[in-house]
Amino acid sequence: MILSLLEKAIASRTALFDSPHESAFRLFNGFAEGYPDLAVDIYGRTLVIHNYADDPDQNQILIQELTHHLQTSLKNWLRAGILKTRNAKVQEQKKGQLIFGEKPDTKIREHGVWYAIDLTLNRDASLYLDARHLRKWLIENMRDKSVLNTFAYTGSLGVAALAGGASLVAQNDRNRQSLNLAKDSYSLNGFPIHKKDFIAQDFFPTVAKFKSTKQFFDCVIIDPPFFSTTSKGKVDLENDSARLINKVRPLIKDGGILVAINNALFVSGQQYMQTLDYLCRDGYLNIQELIPVPEDFTGYNQVGAPIMDPAPFNHSTKIAILNVKRK
């Protein structure tokens with residue numbers, strides 16, 4: 001069964017297979033395409049298998065069959081494979097272990113831009129495939145603009161903004177290791193690296209400092225994790241996303257742009273739209289457009305219903321572009 005589902009998924013994505021094999025995309029979305037416990041991604045010439053089963057051992061034989069099938073069908077170019085086990089007891093298995101090949105890819109190319117990757121950096125794969133269309137939007141809309149990328153992680157959204165001609169990009173994330181990967185992306189693209197533009201600090205004091213020094217940006221990107229608590233503050237996208245957006249609004253110039261992302265699985269599209277409409281009620285914010293998640297990530301030939309209806313978005317990763325006016 002899984003192999004027939006996989007073949008159908010591959011056939012739907014033939015246009016995404018580039019001849020240099022430098023791109024990244026979701027090869028199989030099991031939740032939407034018939035096997036909820038598995039997802040399969042391609043990063044360059046590396047296969048990444050995500051095992052989401054509550055009991056990870058129950059999928060082992062199936063994963064071996066799937067891996068052998070893909071090694072055979074993609075043998076002309078596939079050179080490495082990684083298995084990420086979401087509910088493993090060992091952290092290294094959650095982050096991912098090499099199951100074939102010698103060395104996974106360390107970079108991919110998307111819309112003509114290079115992104116450094118570390119496929120075992122975390123439980124994810126260090127580059128979010130659901131944000132591909134947003135990166136393209138930033139490339140097309142950030143020329144000569146100053147940008148603050150908060151919760152930047154490995155900085156891919158900021159890299160896209162720079163590739164689009166942004167005059168300044170400040171990357172803010174608590175994790176210095178993630179920001180170092182952003183610097184690798186800069187080097188791959190020949191972008192200058194200025195130490196002051198990489199702020200390895202909690203979101204809340206970073207925003208407070210910019211506010212106190214009256215430093216404003218043409219665009220602020222806010223892409224927080226679903227939930228996080230530090231000594232500096234709490235992030236809760238399910239119950240309190242409006243508060244985070246209000247934290248960054250004072251940093252945006254008149255006529256500027258706010259890119260607001262909510263990836264909470266249990267927040268429906270209508271709920272998030274209600275939050276945005278509430279924030280827009282005073283006329284100083286206005287929804288310009290919604291950015292869809294790529295279809296390879298949402299899944300073709302969908303047979304599984306989402307936990308919460310994402311409409312008017314097409315995925316639980318809900319991306320909105322808002323125009324900002326200042327008082």
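Please refer to the structure higher up on the page.
Report follows, based on the coordinates. (Residues numbered from 1 in each chain as written. Predicted model: local features only at pLDDT ≥ 70, side-chain atom pairs only at ≥ 80, totals over all residues. Heavy atoms only, no water.)

Glancing now at the overall build of the protein chain. In terms of regular secondary structure, the protein chain is built from 11 helices and 16 strands. The C-alpha atoms of the protein chain give 20 Å as radius of gyration, which agrees with the globular expectation for 327 residues (20 Å, within 12%). Projected onto its principal axes, the C-alpha coordinates of the protein chain cover approximately 60 × 40 × 40 Å. Once local pairs closer than 6 in sequence are excluded, the contacts in the protein chain between residues at least 24 apart make up 65%. For the protein chain, the accessible area works out to roughly 15,000 Å², and carbon and sulfur atoms hold 48% of it. Measuring between centres, the 39 positive side-chain charges of the protein chain sit 8 Å from its 35 negative side-chain charges. (Helix = DSSP H or I, 4+ residues; strand = E, 2+ residues; numbered from the N terminus. Rg over C-alpha atoms; globule rule 2.2 N^0.38 Å. Contact = heavy atoms within 4.5 Å. Areas by Shrake-Rupley, 256 points an atom, 1.4 Å probe, with all protein chains shown as cover. Lys, Arg positive; Asp, Glu negative; His and termini not counted. Charge placed at Lys NZ, Arg CZ, Asp CG, Glu CD.)

Now for the packing of helix 5 (residues 132–141) against helix 6 (residues 156–163). Packing of helix 5 against helix 6 brings their axes to within 6 Å, and their N-to-C directions diverge by 30°. Remark: the crossing between helix 5 and helix 6 carries right-handed chirality. Across from Leu 134, Arg 135, Leu 138 and Ile 139 in helix 5, the residues of helix 6 making contact are Ser 156, Leu 157, Ala 160, Ala 161 and Ala 163. Considered class by class, the residues forming the contact of helix 5 with helix 6 number seven nonpolar, one polar and one charged. (Axes fitted to C-alpha atoms, helices over the stretch in contact; angles between N-to-C directions. Left-handed = near helix turned anticlockwise from the far one by under 90°. Nonpolar A, V, L, I, M, F, W, Y, C, P; charged D, E, K, R; others polar.)

With that out of the way, let us pick up the pairing of strand 16 (residues 318–324). When you tally the buried positions in strand 16, you get six out of seven residues, the bulk of the element. Inspection of the sheet shows strand 14 (residues 252–262) paired to strand 16 by six bridges, in the antiparallel sense. Bridged to Val 259 within strand 16 is Ile 321. The sheet contact formed by strand 15 (residues 285–291) and strand 16 spans six bridges and is antiparallel. Across the sheet, Ile 291 pairs through a bridge with Ile 319, a residue of strand 16. (Buried < 20%, exposed > 50% of the residue type's maximum accessible area, 1.4 Å probe, protein only. Pairing = 2+ DSSP bridges.)

Attention now goes to a nonpolar patch on the surface. Where nonpolar side chains cluster on the molecular surface, the patch consists of Phe 31, Leu 265, Phe 266 and Ile 307 and spans about 370 Å² of accessible area. Structurally, Leu 265 is set in the loop between strand 14 and helix 10 (269–280). (Patch = residues over 30% accessible without salt bridge, like charges linked within 9 Å, V, L, I, M, F, W, Y side chains within 5 Å. Salt bridge = Lys/Arg side-chain N within 4 Å of Asp/Glu carboxyl O.)

Attention now goes to the nonpolar core. By size, the foremost hydrophobic cluster in this structure holds 41 residues, and its most contacted members are Tyr 43, Leu 134, Trp 137, Leu 138, Met 142, Val 147 and Val 259. Among the elements of the structure, strand 7 (113–116), helix 5, helix 6, helix 7 (176–189), strand 11 (217–222), strand 14 and strand 16 are those that each provide at least two residues to this core. Among the elements that take part in this core, helix 6 stands out by supplying five residues, more than any other. Contacts of Val 147, omitting those with residues within four sequence positions, involve Met 142, Ala 161, Ala 166, Leu 168, Val 169, Ala 170, Phe 217, Cys 219 and Ile 221. (Core = buried A, V, L, I, M, F, W, Y, C linked by side-chain atoms within 4.5 Å.)

The seven strands lie next to each other as 10-9-8-11-14-16-15, forming an open sheet whose pairing is mixed. The open sheet has two edge strands with one neighbour each: strand 10 (198–199) and strand 15. Here five bridges tie strand 11 to strand 14, and the two strands are oriented parallel to one another. Looking at the pairing, Phe 217 lines up with Ile 252 of strand 14. Against the sheet, helix 5 engages strand 11, strand 14, strand 15 and strand 16, with an angle of about 120° to strand 15.

Time to look at unusual backbone geometry. Each neighbour pair has its own omega, and for Ala 311 with Pro 312 the value is 10°, a cis peptide bond. Note that Pro 312 resides in the loop between helix 11 (295–298) and strand 16. Backbone geometry at His 111 places phi at a positive 50°, although glycine is not the residue there. For His 111, the location among the structural elements is in the loop between strand 6 (107–110) and strand 7.

Another aspect to go through is the packing of aromatic side chains. Scanning the model with the defined rule gives nine aromatic pairs in all. Ring geometry for Phe 210 and Phe 217: centres 5.2 Å apart, planes at 85°, overall edge-to-face. Classification of Phe 210 by relative accessible area gives buried; the value is 10%. Given a relative accessible area of 0%, Phe 217 falls into the buried group. Between the aromatic rings of Tyr 272 and Phe 313, the centroid separation amounts to 5.9 Å while the plane-to-plane angle is 45°, which identifies the pairing as tilted. Here Tyr 272, found in helix 10, pairs with Phe 313, found in the loop between helix 11 and strand 16; they are 41 residues apart in sequence, far enough to count as distant. Judged by relative accessible area, Phe 313 falls into the buried class, the value being 7%. Ring-pair connections join several aromatic residues into one group, and the members of that group are Phe 17, Phe 25 and Trp 77. The ring of Phe 198 carries the charged tip of Lys 183 above its face, separated from the ring centre by 5.3 Å. (Phe/Tyr/Trp six-rings, centres within 6.5 Å; stacked < 30°, edge-to-face > 60°. Lys NZ or Arg CZ within 6 Å of the ring centre and 35° of its normal.)

Before going further, it helps to spend a moment on empty space enclosed by the protein. Scanning the model with the defined rule gives two cavities of 30 Å³ or more in all. Its volume calculated, the largest cavity comes out at about 50 Å³. Around the largest cavity sit Ile 222, Pro 224, Leu 237, Ser 241, Leu 244, Ile 245, Ala 260, Ile 261, Asn 262 and Tyr 272, which together line it. At the level of secondary structure, the elements contributing two or more residues to the lining of the largest cavity comprise helix 9 (241–248) and strand 14. Across the lining of the largest cavity, the residue classes break down as eight nonpolar, two polar and no charged. One number sums up the size of the second largest cavity: a volume of about 30 Å³. Taken together, Leu 265, Val 267, Ser 268, Gly 269, Met 308, Asp 309, Pro 310, His 315, Ser 316 and Lys 318 make up the full set of residues lining the second largest cavity. Residues of the lining of the second largest cavity, tallied by class, amount to four nonpolar, four polar and two charged. (1 Å grid on protein atoms, 1.4 Å probe; cavity = no way out; pocket = protein on both sides within 12 Å on 5 of 7 lines; lining within 4 Å. Points joined across faces, edges and corners; volume = space filled by probe spheres on them.)

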